[in-house]
Amino acid sequence: MSPTLIAHNIDENAQSSIVLTKQEQQWLAENPVVNIGVDGYFPPYSYFNEDDQLVGLAIDILSLISVKTGVEFVIDDEHKWQNIVENLQQGNIDAILTMVKTPEREQAYFFTTPIIYKSLVVITQVHNHHITDREDIANKTVALVKGYQYSDSVGEEFPNIIPVYVDTMREAFELVAAGQADATISFLAAANYFQLKYAYNDLKIAAFYEKHNANEAIAVNKTKPLLASIFQKGIDSLTSQQKKALNEAWGANIKAPKDYTELIEFALISGLLMLLLSIWGLQAKRHNRDLVKANQNAEAANLALKDLKDNLQQLVADRTQQLTQSENRYRGLVESLEDEYIFYQHDTKGFVSYVSPSLTHILGHPVSGKGGFYHQFLTDSPKNQDVASYVERILQGESLAPFEIELNDTKGNVHTFEVLERPMYDDNGKCIGCEGIAHDVTARKLQQDKLFYLSHYDDLTGLVNRYYFKKLLDDDIQNCKNNGQSLALLFLDLTRFKVINDNFGHTAGDYILNQAASRIEQHVKGNFVVSRFAGDKFCISLPNTLAADANLMAIELIEAFQPHFEFLEQTIIIGCRVGISLFPQDGLNAETLISHADSALYEAKKNPNCVAFCNKEMALYNKKRHVIEQNLSKALFVNDDLLTPQLFVVYQPLMRLPECQLAGFEALVRWKHPELGVISPAEFIPIAEDTGLIFTLSDWVVNNVCLQLVEWHKRGYDFKRVSVNISALELMNVKFAEDLLSLVVKTGAKPSWFKLEITETALMAIPEQAIEILQKLTKADFQVAIDDFGTGYSSLSYLKSLPASTLKIDQSFIRNLIESSEDQAVINAVISMAHSLGKQVTAEGVEQQEQLDYLVAHGCDVAQGYFFSRPINAHEVSRTYFEV
């Protein structure tokens, strides 16, 4: 990695004049290059981002110092902490950007004033309740970063811990997340960064280890005092606005979640105090009654009056002392709530007469002279614009719910407070101002922001999730409608993703989804919303985009998936297809556009470039497809004996040539829906394969055929072998042979009664696994036929090794057999090749005498088709072929 040059990359408004002495100017002239060592694993202060660029709060401060002083700094290419410390000791670099000052280090280096203020916290797993205070790490396994100052001090303070030393903070977090360490010590802002960046949802901040005493300064080689002076002048020239902007930009002002135990104890003590005050009030009233009675009696007994007066004065003195003590205790309780609550009082003009000392603890401002409290510390946030009107309404006696304000602390950090105010009245009932309590809810707001992210974004890819995308899409549609613009919606899914999950596992699937999301984001140019919609499906909203531009972007996305993926040294090839719908042509709301884009996605499978637009015909087709999908599931799982089964099996005879004698049957499934009527297998079989219902459907067919053959066998019928079609997807199950044999045997049927028909295309998808499965089936006495032969691209090397007894010529070659010399050539070649390999040939779709004569003349073994019989039910088979 080439050294990074820190130069004038900050806005010119950041520049200010700094006066350097002649000695400092001379030193810079003699040392044009200042080498800086930077810790590259110290987020959010200095670390490498996804583009391998060194970024962070400390880097931006160094850039500002460069602009202020005119010095060009070169960052050394060594970024591990121990190594850069050694480089400074050996004089290979001039300074280290961030280092905690200790007495030992102060002997070796010059230090500037701190540039970073931070606290150390203890990080544990969420369910770890054994560590709630810094002292609890004793006797625990603690992950520590080698060479960090606090790592040494932790070991010195807690000699009985079991330290596990790592090179970076992230490694320490990984050890705690994996349960290999009980805790780690890290910086508060860094802990927040790692939890958000790497989704450590099972980690928490258990306690503070040290507050604001792990501050970082610039450490300079002891031989370069002028450089230390130049650095200090650059730091002193930074304005509070610049410091505030940098801290806000990098989220370095984080507050750990607070423990509400003290508040609960305060509430209990306050309640007890109120009870005591009530009791005292009752006693005071009772005493007043006694006093009135005593005054009446005094007129008759002067001596008794004197005695009573003496007793009364003593009692009043005692009660006054008790009241003073109670007020002091109450004030002490109020002023002890330093972490989250500020108590205050102000008059009708806003002059603050009392503020609790917690103001200094939370915001850093002194308590004295707090007139104009609101206006002095309010930020420019829109939340603060209504504060004056709220106060005015409260002064008029209106009871308002708590409202939020934002205040700046002395370091420029923004705090969010939830404020509850109530009016104050004098003895005459006149409003004299307000008293209130301001609750610091900054930590809670941060947690709410995190919860918002978790509920609106996909935790795997970081993209917008389905729920949030629909809302954003509706917003985009409304904006386009208001501005008279069009909008395109791209619906994208990955091809072969299920195969990746099944063969490589979900870890590989998650990796592919992450990489796919990155490729999509890289190729979608513009302010567009990208969502992981569900599974391997992604949606992209393209406001103000025409159809042609949307088509071009879809093609670019498909091309972006041409390069393969790498996972654990495995090459994974995966593609995508895109369906497109347009506003306003295809719909006026998000739900409709998504539905139509999903419909277009099905059509994209048939398109050579895998892109398709929605149209009305397609929408109607996909609506019918959805109805078929729902009803097929119901038809397969119906258990009511009173309902007529919708699915049934028919049998088409196969005839041996040339004598045209029965050679067996092919079992075919049919579906008669009570409302939709007869539904073609060409419609519902592909839907069953897409939805995974094909496995249930195949089991249903095999089970029904088995029961029918068992019945025919009991009656003594010679049905030869019955062919059953096997889906290509079933060959992906390595246990298919065992499962099929178990199903057949369970019904009482025999494998020798069956011939399994598998398409040539299915065999060539995964030939090695298919051959292994078919060999198991043939050993169990099943026969195998290759269906639709001639439509695929079989390799002869695989064909000769296939344990298949029969090749079935696809009916597309039979249909024009008499007129087409090309079809005749194919048929002749298939018959010749099959016979040379010792296999029989069956011709499908024979409908004419001329076709049959040609097949007989050229040695075809078996034929089937409407010339002999249409597929018929089991009762007609018995009557036609067995009961004659």
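Please refer to the structure higher up on the page.
Report follows, based on the coordinates. (Residues numbered from 1 in each chain as written. Predicted model: local features only at pLDDT ≥ 70, side-chain atom pairs only at ≥ 80, totals over all residues. Heavy atoms only, no water.)

Side note on the overall build of the chain
Now for step 1: In terms of helices and strands, the chain carries 31 helices and 35 strands.
Now for step 2: The long-range fraction of contacts in the chain, counting pairs at least 24 apart against all pairs at least 6 apart in sequence, stands at 66%.
Now for step 3: Carbon together with sulfur atoms contributes 51% to the accessible area of the chain, which is approximately 45100 Å² in total. (Helix = DSSP H or I, 4+ residues; strand = E, 2+ residues; numbered from the N terminus. Contact = heavy atoms within 4.5 Å. Areas by Shrake-Rupley, 256 points an atom, 1.4 Å probe, with all protein chains shown as cover.)

Comments concerning the side chain of T168
Now for step 1: Looking at where T168 falls in the secondary structure, it is placed in the loop between strand 11 (162-166) and helix 6 (169-177).
Now for step 2: Accessibility expressed as a relative area gives 10% for T168, which makes it buried.
Now for step 3: In this structure T168 touches Y41 and V145, once residues within four positions along its chain are discounted. (Buried < 20%, exposed > 50% of the residue type's maximum accessible area, 1.4 Å probe, protein only.)

Comments concerning the pattern of salt bridges
Now for step 1: According to the stated counting rule, one finds 21 salt bridges in the structure shown.
Now for step 2: Between E135 and R134 there is a salt bridge, with the nearest N and O atoms lying 3.4 Å from each other.
Now for step 3: By relative accessible area, E135 is classed as partly exposed at 45%.
Now for step 4: Between E418 and R444 there is a salt bridge, and its shortest N-O distance comes to 3.2 Å. Remark: R444 occurs in helix 15 (residues 442-456) and E418 occurs in strand 18 (residues 414-425); sequence separation between them is 26 residues.
Now for step 5: Residue E418 is classed as partly exposed on the basis of its relative accessible area of 26%.
Now for step 6: Judged by its relative accessible area of 34%, R444 falls in the partly exposed class. (Salt bridge = Lys/Arg side-chain N within 4 Å of Asp/Glu carboxyl O.)

Topic: the side chain of Q232
Now for step 1: Position of Q232 relative to the elements: it lies in helix 8 (residues 225-236).
Now for step 2: Classification of Q232 as buried rests on a relative accessible area of 17%.
Now for step 3: A polar atom in the side chain of Q232 sits 2.8 Å from the side chain of D236.
Now for step 4: If we ignore the near neighbours within four places in the chain, the residues touching Q232 are T112 and T113. (Polar contact = N/O pair within 3.5 Å; in protein donor to acceptor, adjacent residues only side chain to side chain.)

A look at empty space enclosed by the protein
Now for step 1: For the structure shown, the criterion picks out 3 cavities of 30 Å³ or more.
Now for step 2: Within this model, the largest cavity holds a volume of roughly 120 Å³.
Now for step 3: Every residue lining the largest cavity is counted, 13 residues in all, and those nearest its centre are W81, V100, Y148, F187 and E216.
Now for step 4: At the level of elements, strand 7 (95-100) and helix 5 (149-157) are the ones that each hand at least two residues to the lining of the largest cavity. (1 Å grid on protein atoms, 1.4 Å probe; cavity = no way out; pocket = protein on both sides within 12 Å on 5 of 7 lines; lining within 4 Å. Points joined across faces, edges and corners; volume = space filled by probe spheres on them.)

Details of the sheet that holds strand 11
Now for step 1: Read from one edge to the other, the open sheet built from 5 strands follows the order 11-10-12-9-13, with strand pairing classed as mixed. With one partner strand each, in any of the chains shown, strand 11 and strand 13 (203-210) form the two edges of the open sheet. Averaged over all pairs of adjacent strands, the angle between their axes in this sheet comes to 35°, without regard to strand direction.
Now for step 2: In this sheet, strand 12 (residues 183-187) lies alongside strand 10 (residues 141-145) in parallel orientation, the contact comprising 2 bridges. Counterpart to V142 in the pairing with strand 12 is A183. (Pairing = 2+ DSSP bridges. Axes fitted to C-alpha atoms, helices over the stretch in contact; angles between N-to-C directions.)

Considerations on unusual backbone geometry
Now for step 1: Between P43 and P44 the backbone carries a cis peptide bond, its omega angle lying at -5°.
Now for step 2: For the bond from F583 to P584, the omega torsion is 10°, close enough to zero to count as cis.
Now for step 3: Phi at D781 takes a positive value of approximately 85°, unusual for a residue other than glycine.
Now for step 4: Classification of D781 by relative accessible area gives partly exposed; the value is 40%.

Focus on the pairing of strand 25 (residues 575-583)
Now for step 1: Buried residues dominate strand 25, accounting for 9 of its 9 residues.
Now for step 2: Residues G575, R577, G579, S581 and F583 point to one face of strand 25 and C576, V578, I580 and L582 to the other, with burial holding for every one of them.
Now for step 3: Here 9 bridges tie strand 20 (residues 487-495) to strand 25, and the two strands are oriented antiparallel to one another. When the bridges of strand 25 are listed, L492 appears paired with V578.
Now for step 4: Pairing geometry for strand 25 and strand 26 (residues 611-613), over 3 bridges, is parallel.

Structural notes on the sheet that holds strand 5 (residues 54-55)
Now for step 1: Ordered by their spatial adjacency, 3 strands build an open sheet running 3-4-5, and the pairing between neighbours is antiparallel. A single partner strand is all that each edge strand has here, and the edge strands are strand 3 (41-42) and strand 5.

Concerning the state of the cysteines
Now for step 1: Summed over the entire model, instances satisfying the criterion amount to 0 disulfides.
Now for step 2: C431 provides the cysteine sulfur closest to C434, a residue in no disulfide bond, and the two sulfurs are 5.7 Å apart.
Now for step 3: Note on C434: relative accessible area 0%, which makes it buried. (Disulfide = S-S within 2.5 Å.)

Let's talk about the packing of aromatic side chains
Now for step 1: In this structure the tally under the stated criterion is 29 aromatic pairs.
Now for step 2: Measuring from ring centre to ring centre gives 6.3 Å for F754 and F782, while their planes differ by 50°; the resulting arrangement is tilted. Here F754, found in strand 31 (residues 754-759), pairs with F782, found in the loop between helix 26 (767-779) and strand 32 (783-789); they are 28 residues apart in sequence, far enough to count as distant.
Now for step 3: According to the relative accessible area criterion, F754 is buried, its value standing at 2%.
Now for step 4: An aromatic cluster is built from Y651, F665, W712, Y717, F719, W753, Y881 and F882, whose rings are joined through pairwise contacts.
Now for step 5: Between R519 and the ring centre of F565, over which it is positioned, the NZ or CZ distance is 3.8 Å. (Phe/Tyr/Trp six-rings, centres within 6.5 Å; stacked < 30°, edge-to-face > 60°. Lys NZ or Arg CZ within 6 Å of the ring centre and 35° of its normal.)

Section: the environment of K224
Now for step 1: Relative to the helices and strands, K224 is located in the loop between strand 14 (216-221) and helix 8.
Now for step 2: Expressed as a C-alpha distance, the spacing of K224 and Y109, which sit 115 residues apart in the sequence, is 9.2 Å.
Now for step 3: Not counting residues within four places of it along the chain, the set of residues in contact with K224 comprises W27, D94 and F110.

Brief notes about helix 16 (residues 466-483)
Now for step 1: Helix length check: helix 16, at 18 residues, gives a terminal C-alpha distance of 26 Å against a target of 26 Å (1.5 Å per residue), a fit within 8%.
Now for step 2: Along helix 16, the residues that are buried comprise Y468, F469, L472, L473, D476, I477 and C480.
Now for step 3: Summarising the contacts, the buried residues of helix 16 are in contact with helix 15, strand 20, strand 21 (529-534), strand 22 (537-543), strand 25 and helix 20 (590-604). (Expected span 1.5 Å × (residues − 1).)

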